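One-letter residues, chain by chain:
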Amino acid sequence: NLSLKERASFAQKVGADFLFSLHYNASESNELYGSEVWVSSFAPYNAYGYQFGYEFLTQMREWGLFNRGVKTRIGNKDLDYYGIIREAVALELPALIIEHCHVDEQHDIPFCDTEAKWREFGVADATAVAKYFGLKSVSFGHWK
(Lines give C-alpha, C1' and ligand atoms only; values in the text may rest on other atoms or scores of the structure.)
Protein backbone atom coordinates (compact mmCIF):
# COMPACT_ATOMS: atom_id res chain seq x y z
CA ASN A 1 0.00 0.00 0.00
CA LEU A 2 2.97 2.33 -0.48
CA SER A 3 2.57 5.41 -2.66
CA LEU A 4 4.91 5.77 -5.61
CA LYS A 5 6.97 8.30 -3.66
CA GLU A 6 7.17 5.91 -0.69
CA ARG A 7 8.27 3.06 -2.97
CA ALA A 8 11.09 5.13 -4.41
CA SER A 9 12.10 6.30 -0.91
CA PHE A 10 12.11 2.72 0.36
CA ALA A 11 14.32 1.61 -2.55
CA GLN A 12 16.75 4.42 -1.79
CA LYS A 13 16.69 3.67 1.95
CA VAL A 14 17.67 0.01 1.41
CA GLY A 15 20.48 1.01 -0.95
CA ALA A 16 18.95 -0.18 -4.22
CA ASP A 17 21.09 0.36 -7.32
CA PHE A 18 18.05 0.38 -9.58
CA LEU A 19 14.25 0.31 -9.19
CA PHE A 20 12.43 -2.10 -11.52
CA SER A 21 8.65 -1.82 -11.69
CA LEU A 22 7.14 -5.00 -13.16
CA HIS A 23 3.91 -4.87 -15.15
CA TYR A 24 1.71 -6.69 -17.65
CA ASN A 25 -0.05 -4.58 -20.22
CA ALA A 26 -3.63 -4.47 -21.53
CA SER A 27 -5.27 -2.20 -24.07
CA GLU A 28 -8.78 -0.99 -24.73
CA SER A 29 -8.67 -2.32 -28.28
CA ASN A 30 -7.15 -5.69 -27.29
CA GLU A 31 -5.01 -5.32 -30.41
CA LEU A 32 -1.66 -4.22 -28.97
CA TYR A 33 0.91 -6.88 -28.21
CA GLY A 34 4.55 -7.34 -27.25
CA SER A 35 7.02 -6.24 -24.60
CA GLU A 36 8.25 -2.72 -23.87
CA VAL A 37 10.34 -0.87 -21.34
CA TRP A 38 9.64 2.68 -20.15
CA VAL A 39 12.62 4.73 -18.97
CA SER A 40 13.38 8.24 -17.81
CA SER A 41 13.69 10.96 -20.43
CA PHE A 42 16.63 12.48 -18.60
CA ALA A 43 20.36 11.75 -18.53
CA PRO A 44 22.01 9.75 -17.14
CA TYR A 45 18.93 7.72 -16.16
CA ASN A 46 17.71 7.24 -19.72
CA ALA A 47 21.05 5.67 -20.70
CA TYR A 48 20.82 3.20 -17.81
CA GLY A 49 17.29 2.33 -18.85
CA TYR A 50 18.18 1.86 -22.50
CA GLN A 51 21.05 -0.46 -21.57
CA PHE A 52 18.82 -2.62 -19.37
CA GLY A 53 15.96 -2.48 -21.88
CA TYR A 54 18.22 -3.92 -24.56
CA GLU A 55 19.08 -6.94 -22.35
CA PHE A 56 15.46 -7.56 -21.40
CA LEU A 57 13.88 -7.03 -24.82
CA THR A 58 16.48 -9.25 -26.50
CA GLN A 59 15.24 -12.13 -24.32
CA MET A 60 11.59 -11.36 -25.02
CA ARG A 61 12.25 -11.25 -28.77
CA GLU A 62 14.02 -14.63 -28.54
CA TRP A 63 10.88 -16.02 -26.86
CA GLY A 64 8.80 -14.77 -29.78
CA LEU A 65 7.29 -11.63 -28.23
CA PHE A 66 7.15 -8.51 -30.37
CA ASN A 67 9.69 -5.85 -29.34
CA ARG A 68 7.75 -2.62 -28.77
CA GLY A 69 10.99 -0.88 -27.77
CA VAL A 70 12.47 1.21 -25.02
CA LYS A 71 10.40 4.36 -24.62
CA THR A 72 10.20 7.63 -22.75
CA ARG A 73 7.30 9.95 -22.07
CA ILE A 74 7.23 13.51 -20.75
CA GLY A 75 4.36 14.60 -18.53
CA ASN A 76 3.36 17.80 -16.80
CA LYS A 77 6.02 20.34 -15.83
CA ASP A 78 8.47 18.69 -18.27
CA LEU A 79 9.04 15.78 -15.89
CA ASP A 80 8.82 12.05 -16.54
CA TYR A 81 5.20 11.01 -17.11
CA TYR A 82 5.29 7.79 -15.06
CA GLY A 83 5.25 8.44 -11.34
CA ILE A 84 7.55 5.64 -10.20
CA ILE A 85 10.22 6.79 -12.66
CA ARG A 86 9.69 10.45 -11.77
CA GLU A 87 9.89 9.80 -8.01
CA ALA A 88 13.00 7.61 -8.29
CA VAL A 89 14.84 10.07 -10.54
CA ALA A 90 14.06 12.84 -8.03
CA LEU A 91 16.08 10.74 -5.55
CA GLU A 92 18.84 10.12 -8.13
CA LEU A 93 17.87 6.46 -8.38
CA PRO A 94 17.63 4.83 -11.83
CA ALA A 95 14.19 3.33 -12.48
CA LEU A 96 12.16 1.82 -15.27
CA ILE A 97 8.91 0.04 -15.99
CA ILE A 98 8.92 -3.39 -17.62
CA GLU A 99 5.77 -4.24 -19.56
CA HIS A 100 6.20 -7.98 -20.11
CA CYS A 101 3.36 -8.56 -22.59
CA HIS A 102 -0.32 -7.81 -23.20
CA VAL A 103 -2.51 -10.17 -21.18
CA ASP A 104 -5.56 -9.44 -23.34
CA GLU A 105 -4.20 -10.03 -26.85
CA GLN A 106 -4.34 -13.37 -28.66
CA HIS A 107 -0.66 -13.39 -29.68
CA ASP A 108 0.59 -12.69 -26.14
CA ILE A 109 -1.88 -14.77 -24.09
CA PRO A 110 0.05 -18.04 -24.62
CA PHE A 111 3.09 -16.40 -22.98
CA CYS A 112 1.24 -15.65 -19.73
CA ASP A 113 -1.59 -18.15 -19.32
CA THR A 114 -0.10 -20.35 -16.58
CA GLU A 115 1.67 -19.83 -13.30
CA ALA A 116 4.75 -21.57 -14.71
CA LYS A 117 4.93 -19.01 -17.52
CA TRP A 118 4.68 -16.14 -15.02
CA ARG A 119 7.68 -17.68 -13.22
CA GLU A 120 9.56 -17.78 -16.52
CA PHE A 121 9.11 -14.01 -16.77
CA GLY A 122 10.64 -13.72 -13.30
CA VAL A 123 13.67 -15.72 -14.41
CA ALA A 124 13.93 -13.52 -17.52
CA ASP A 125 13.79 -10.40 -15.34
CA ALA A 126 16.53 -11.75 -13.07
CA THR A 127 18.65 -12.81 -16.03
CA ALA A 128 18.40 -9.34 -17.61
CA VAL A 129 19.36 -7.74 -14.29
CA ALA A 130 22.35 -10.10 -13.95
CA LYS A 131 23.50 -9.31 -17.48
CA TYR A 132 23.04 -5.58 -16.94
CA PHE A 133 25.12 -5.60 -13.77
CA GLY A 134 27.65 -8.14 -15.09
CA LEU A 135 26.88 -10.60 -12.30
CA LYS A 136 28.13 -14.17 -12.16
CA SER A 137 26.33 -17.24 -10.85
CA VAL A 138 27.65 -20.58 -9.65
CA SER A 139 24.61 -22.22 -11.26
CA PHE A 140 24.45 -20.27 -14.50
CA GLY A 141 27.99 -19.01 -15.02
CA HIS A 142 28.75 -15.63 -16.54
CA TRP A 143 26.45 -13.95 -19.07
CA LYS A 144 27.98 -12.17 -22.05
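Notes on the structure follow. Because the structure is predicted, anything quoted here is derived from the model rather than measured. For every chain, the first residue of the written sequence is number 1, and numbering continues from 1 along that sequence. Only residues with pLDDT of at least 70 get local features here, since the model is predicted, and only at 80 or more are side-chain atom pairs given and counted; chain-wide, interface and lining totals rely on the full set of residues. Based on all heavy atoms of the structure, the side-chain values leave hydrogens and waters out of the count.

To continue, consider the packing of aromatic side chains. Between two aromatic rings, the relevant description is the distance of the centres plus the angle of the planes. When two rings of Phe, Tyr or Trp (its six-membered ring) have centres within 6.5 Å they constitute a pair, described as stacked for plane angles under 30 degrees, edge-to-face for angles over 60, and tilted for the intermediate range. The full count for this structure, using the stated rule, is 14 aromatic pairs. When the centroid spacing of 4.8 Å and the interplanar angle of 90° are considered together, the rings of Tyr-81 and Tyr-82 count as edge-to-face. For Tyr-81, a relative accessible area of 38% gives the class partly exposed. Connected via pairs of aromatic rings, a cluster forms that spans Phe-18, Phe-20, Phe-52, Phe-56, Tyr-132 and Phe-133. Sitting over the face of the ring of Tyr-81, Arg-73 holds its NZ or CZ atom 3.6 Å from the ring centroid. Burial classification: accessible surface area is computed with a 1.4 Å probe over protein chains only, and a residue below 20% of its type maximum counts as buried, one above 50% as exposed, and the rest as partly exposed. Placement of a charge over a ring requires the Lys NZ or Arg CZ to be within 6 Å of the ring centre, with the centre-to-atom vector within 35 degrees of the ring normal.

Time to look at the nonpolar core. Only buried Ala, Val, Leu, Ile, Met, Phe, Trp, Tyr and Cys residues count toward a nonpolar core, and they belong to the same one when joined by side-chain atoms within 4.5 Å. Val-37, Phe-52, Phe-56, Met-60, Leu-65, Leu-96 and Phe-121 are the most contacted members of the largest nonpolar core, which has 18 residues in total. The contact criterion used throughout is that any non-hydrogen atoms of two residues lie within 4.5 Å. Beyond its immediate stretch of four places on either side in the chain, Phe-121 contacts Tyr-24, Met-60, Trp-63, Leu-65, His-100, Cys-101, Phe-111 and Cys-112. Counting residues in each nonpolar core, the second largest holds twelve residues, with Leu-19, Trp-38, Ile-84 and Leu-93 among its members.

Let's shift gears to the state of the cysteines. Cysteine sulfur atoms that pair up within 2.5 Å are treated as a disulfide. Per the stated rule, a full pass over the model turns up zero disulfides. Left without a disulfide partner, Cys-101 is nearest to the cysteine sulfur of Cys-112, which lies 3.8 Å away. Given a relative accessible area of 0%, Cys-101 falls into the buried group. Among the residues examined, Cys-112 registers a relative accessible area of 7% and is labelled buried.

Attention shifts here to helix 2 (residues 45-63). Under the 1.5 Å per step criterion, the end-to-end length of helix 2 is 27 Å for 19 residues, consistent within 8% with the ideal 27 Å. Counting from the N terminus, the helices are DSSP H or I runs at least four residues long and the strands are E runs at least two residues long. Looking at the buried residues of helix 2, the elements they touch are strand 1 (19-25), strand 2 (35-39), strand 3 (67-71), helix 3 (83-90), strand 4 (95-102) and helix 4 (115-133). Two residues or fewer past helix 2, Gly-64 is found with a positive phi of approximately 110°. Expected span, for any helix, means 1.5 Å times one less than how many residues it has.

Mapping Ile-85 onto the fold places it in helix 3. Considering only alpha carbons, one finds Ile-85 and Leu-96, eleven residues apart in sequence, at a separation of 5.9 Å. Apart from residues lying up to four places away in sequence, Ile-85 is in contact with Trp-38, Val-39, Ser-40, Asp-80, Ala-95, Leu-96 and Ile-97.

Okay, the pattern of salt bridges next. Definition used for salt bridges: Asp or Glu carboxyl oxygen within 4 Å of a side-chain nitrogen of Lys or Arg. Enumeration according to the criterion identifies four salt bridges in this entry. Between Glu-36 and Arg-68 there is a salt bridge, and its shortest N-O distance comes to 3.2 Å. Residue Glu-36 is located in strand 2, and its partner Arg-68 is located in strand 3; the two are separated by 32 residues in the primary sequence. The buried category is assigned to Glu-36, whose relative accessible area is 5%. For Glu-115, the salt bridge identified is with Arg-119, shortest N-O distance 2.8 Å.

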